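Each chain, written out:
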Number of protein chains: 2
Amino acid sequence: MWYVTTTDAFLADCRARLAFDLLTNTWNPVVLWALREGPRRPVELRERIGGISSKVLTETLRRLRYNGLVTRRTPPDTPSAVEYGLTPLGRTLLTPIDAFGAWAFEHGDEVMAAQEAACRPTAAEHHSPSHSPATPASSLRQNQA
Amino acid sequence: MWYVTTTDAFLADCRARLAFDLLTNTWNPVVLWALREGPRRPVELRERIGGISSKVLTETLRRLRYNGLVTRRTPPDTPSAVEYGLTPLGRTLLTPIDAFGAWAFEHGDEVMAAQEAACRPTAAEHHSPSHSPATPASSLRQNQA
DNA sequence: CAGGATCCCCCAAGATACTG
DNA sequence: CAGTATCTTGGGGGATCCTG
């Protein structure tokens, strides 16, 4: 990812790509979202998110801290504990992320339907018999539900 | 990524994760964005986007087609050409993506500032001399500008 | 419980070369 | 120019063990 200068204002802009890079990471948006309601301890985060290992969570949080989106503080009352929370900057990211959440709720079914339709060619499709492209039927799927 | 059922409505919802998975890919959002103004041919896409190889572009487009976000058609006037465009469903994704673009323009500088600040500890920081955590100073950065 | 250190796997993405 | 086929690699992410 090396930020070429083109004529397109959005695609060429470093900051735009930077925002995408923030998203591009598997756990970044999920963790940010999990912090939306307030500071949380790692254990809470892990059980709220589900499917994330302790190591990866730590890495993700450190990355987010590095980018100024997350704070780490050890509450004075229980010095052994740790709490992660959103910075003001991180909080501003919730709006765009929320937009995606809303989109998912609205159109998620359509995506899944499209995926299924793509798998089963509906049999109404007359394909040149010798030329069946034989799409590997994998590596297209984004996730393995 | 295996979709655990927790109490959190958003994190547990398969469709929400699905939307994140759509974003999580490096080139998906960029390509979608590049198609925002109308159908484009692969060459155009490559020069508009910049830094994407022919192979990866093809893969990305196929993936997006698989998810019902992009159409591929060969225009009747020039049967040798190919054009990719957004489906109605794909078009709906532009809104959330746009939200991120807007965020990037507004807060991109702050992120970069935070990164710099994290690199240079500003010298005002009194760190326990023997305990310098020696953070690897890499693998935190999302991109290598 | 927090989180560092290690080892390992796998796949997205790059480079290159070839077909239509 | 569009797309495929190989080969290769970097690094994200899982598993496991070990410390404070």
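The preceding data block contains the structure.
Analysis parameters
- Throughout this document, residue positions are counted from 1 along each chain, in the order its sequence is written.
- The order in which chains are written sets their letters, starting at A; the order in which ligands are written sets their numbers, starting at 1.
- In keeping with the model being predicted, local features are shown solely for residues with a pLDDT of at least 70 and side-chain atom pairs are shown and tallied solely at 80 or more, while totals for entire chains, interfaces and linings include all residues.
- For side-chain calculations, the full set of non-hydrogen atoms in the structure is used, while hydrogens and water are omitted.
- Residue burial is assigned from relative accessible area. The probe radius is 1.4 Å, only protein chains are included, and a residue is buried under 20% of its type maximum, exposed over 50%, and partly exposed in between.
- The helix count covers DSSP runs of H or I at least four residues long, the strand count covers runs of E at least two residues long, and both are numbered beginning at the N terminus.
- A pair of strands counts as paired when DSSP detects no fewer than two bridges linking them.
- We call a set of buried Ala, Val, Leu, Ile, Met, Phe, Trp, Tyr and Cys residues a nonpolar core when their side-chain atoms join them within 4.5 Å.
- Contacts between residues were defined by any pair of non-hydrogen atoms, one from each residue, lying within 4.5 Å.
- Centre distance within 6.5 Å is the pairing criterion for rings of Phe, Tyr and Trp, where only the six-membered ring of Trp is used; planes under 30 degrees apart are then read as stacked, over 60 as edge-to-face, and the remainder as tilted.
- A ring has a charge above it when a Lys NZ or an Arg CZ is no more than 6 Å from the ring centre and no more than 35 degrees off the ring normal.
- Comment: axis = line fitted to C-alpha atoms, over the contacting stretch for helices; angle = value between 0 and 180 degrees taken between N-to-C directions.
- For this classification, under 35 degrees means roughly parallel, over 145 means roughly antiparallel, 65 to 115 means roughly perpendicular, and everything else is oblique.
- A single heavy atom is enough: if one lies within 4 Å of a molecule or strand, its residue is considered near that molecule or strand.
- Whenever two N or O atoms come within 3.5 Å, that pair is a polar contact, provided that in protein one can donate a hydrogen and the other can accept it, and provided that, for residues adjacent in sequence, both atoms are side-chain atoms.
- Ten residue types, Ala, Val, Leu, Ile, Met, Phe, Trp, Tyr, Cys and Pro, are classed as nonpolar, four, Asp, Glu, Lys and Arg, as charged, and the remainder, Gly among them, as polar.
- In the sections that follow, a salt bridge refers to a side-chain nitrogen of Lys or Arg positioned within 4 Å of a carboxyl oxygen of Asp or Glu.
- Arc, as used here, means the arc of the directions from the helix axis to the C-beta atoms.
- Multiplying 1.5 Å by the helix residue count minus one yields the expected span of that helix.

Draft legend 1. View of the pairing of strand β2 (residues 83–86) of chain A. Residue and element names in this part refer to chain A. Burial along β2 is two-sided: the face carrying Glu-83 and Gly-85 and the face carrying Tyr-84 and Leu-86 are both buried. As paired strands, strand β1 (residues 70–73) and β2 are joined by four bridges and run antiparallel to one another. Each residue of the ladder has a partner; that of Val-70, found in β2, is Leu-86.

Draft legend 2. Here's a closer look at the nonpolar core. Counting 62 residues, the largest nonpolar core has Val-31 of chain A together with Val-31 of chain B as the members making the most contacts within it. When near neighbours in sequence (up to four residues on either side) are disregarded, Val-31 of chain A contacts Ile-49, Ile-52, Leu-57, Thr-60, Leu-61 and Leu-64 of chain A.

Draft legend 3. Up close: the packing of aromatic side chains. Applying the stated criterion to the full structure yields one aromatic pair over all chains. With a centroid separation of 5.7 Å and an interplanar angle of 45 degrees, the aromatic rings of Phe-100 of chain A and Phe-100 of chain B are classed as tilted. Pair noted here: Phe-100 of chain A is in helix α7 (residues 94–119) and Phe-100 of chain B is in helix α7 (residues 94–119), and the two residues belong to different chains. By relative accessible area, Phe-100 of chain A is classed as buried at 2%. Above the ring of Trp-33 of chain A, the side-chain terminus of Arg-36 of chain A is found at 3.9 Å from the ring centroid.

Draft legend 4. Here's a closer look at the environment of Gly-85 of chain A. Residues and elements named next belong to chain A. Inspection of the secondary structure puts Gly-85 in strand β2. With 21 residues separating them along the chain, Gly-85 and Glu-106 place their C-alpha atoms 29 Å apart. Ignoring anything within four residues of it in the chain, the contact list for Gly-85 reads Leu-35, Pro-39, Leu-69, Val-70 and Thr-71.

Draft legend 5. Broad picture of the packing of helix α4 (residues 42–49) of chain B against helix α5 (residues 54–66) of chain B. All names here are of chain B. Remark: α4 packs on α5, axes separated minimally by 11 Å, with the N-to-C direction vectors making an angle of 110 degrees. Viewed along their axes, α4 and α5 adopt a mutual orientation that is roughly perpendicular. Note on element contacts: α5 touches α4 through Ser-54, Leu-57 and Leu-61, opposite Pro-42, Leu-45 and Arg-46.

Draft legend 6. Summary view of the protein's contact with DNA strand D. As a matter of local geometry, DNA strand D sits amid 15 residues, with Thr-26 and Lys-55 of chain A together with Val-43, Arg-62 and Arg-72 of chain B nearest to it. Near the protein, within 4 Å, the atoms of DNA strand D are sugar or phosphate in 69% of cases. Asn-25 of chain A places a polar side-chain atom, nitrogen or oxygen, 3.4 Å from a phosphate oxygen of DNA strand D. Taking Arg-62 of chain B, its side chain carries an N or O atom lying 2.7 Å from a phosphate oxygen of DNA strand D. Those elements giving two or more residues to the surface near DNA strand D turn out to be α5 (54–66) of chain A together with α4 and α5 of chain B.

Draft legend 7. Representation of the protein's contact with DNA strand C in the model. In the region of DNA strand C, 16 residues are neighbours, and Arg-62, Arg-72 and Tyr-84 of chain A together with Thr-26 and Lys-55 of chain B sit closest. Near the protein, within 4 Å, the atoms of DNA strand C are sugar or phosphate in 69% of cases. The separation between a phosphate oxygen of DNA strand C and a polar main-chain atom of Val-43 of chain A is 3.3 Å. The contact in question runs from a phosphate oxygen of DNA strand C to an N or O atom on the side chain of Arg-62 of chain A, over 2.3 Å. By residue number, the principal contributor to the surface near DNA strand C is α5 of chain A, which donates four residues. Tallied by class, residues from the surface near DNA strand C come to six nonpolar, four polar and six charged.

Draft legend 8. Up close: the pattern of salt bridges. Residue and element names in this part refer to chain A. One pass over the full model with this rule turns up eight salt bridges over all chains. Ionic pairing is found between Arg-73 and Glu-83, a salt bridge with its closest N-O pair at 2.9 Å. A residue pair is termed long-range when its members are at least 10 positions apart, and Arg-73 in strand β1 and Glu-83 in strand β2 qualify at 10 residues.

Draft legend 9. How the structure looks around the side chain of Arg-40 of chain B. Residues and elements named next belong to chain B. Examined against the element boundaries, Arg-40 turns out to sit in the loop between α3 (28–34) and α4. In this structure Arg-40 comes out as buried when scored by relative accessible area, which is 17%. Dropping the residues within four chain positions of it, Arg-40 is found in contact with Ala-34, Leu-35, Leu-45, Arg-48, Val-82, Glu-83 and Tyr-84.

Draft legend 10. Seen up close, α4 of chain B. All names here are of chain B. Looking only at α4, the buried set comprises Leu-45, Arg-48 and Ile-49. One face of α4 carries all of its buried residues, which in axial projection span an arc of 90 degrees. Exposed and facing more than 90 degrees away from the buried side of α4 are Val-43 and Glu-47. Just downstream of α4, Gly-50 is the residue with a positive phi angle, here 80 degrees.

Draft legend 11. Expanded view of α5 of chain A. If you check α5 of chain A, its first and last C-alpha atoms are 18 Å apart, about what 13 residues at 1.5 Å a residue would give, namely 18 Å. Of the positions making up α5 of chain A, those classed as buried are Leu-57, Thr-60, Leu-61, Arg-63, Leu-64 and Tyr-66 of chain A. Contacts made by the buried residues of α5 of chain A are with α3 (28–34), α4 (42–49), β1 and β2 of chain A together with α7 of chain B. In the segment just after α5 of chain A, Gly-68 of chain A is the residue with positive phi, at about 75 degrees.

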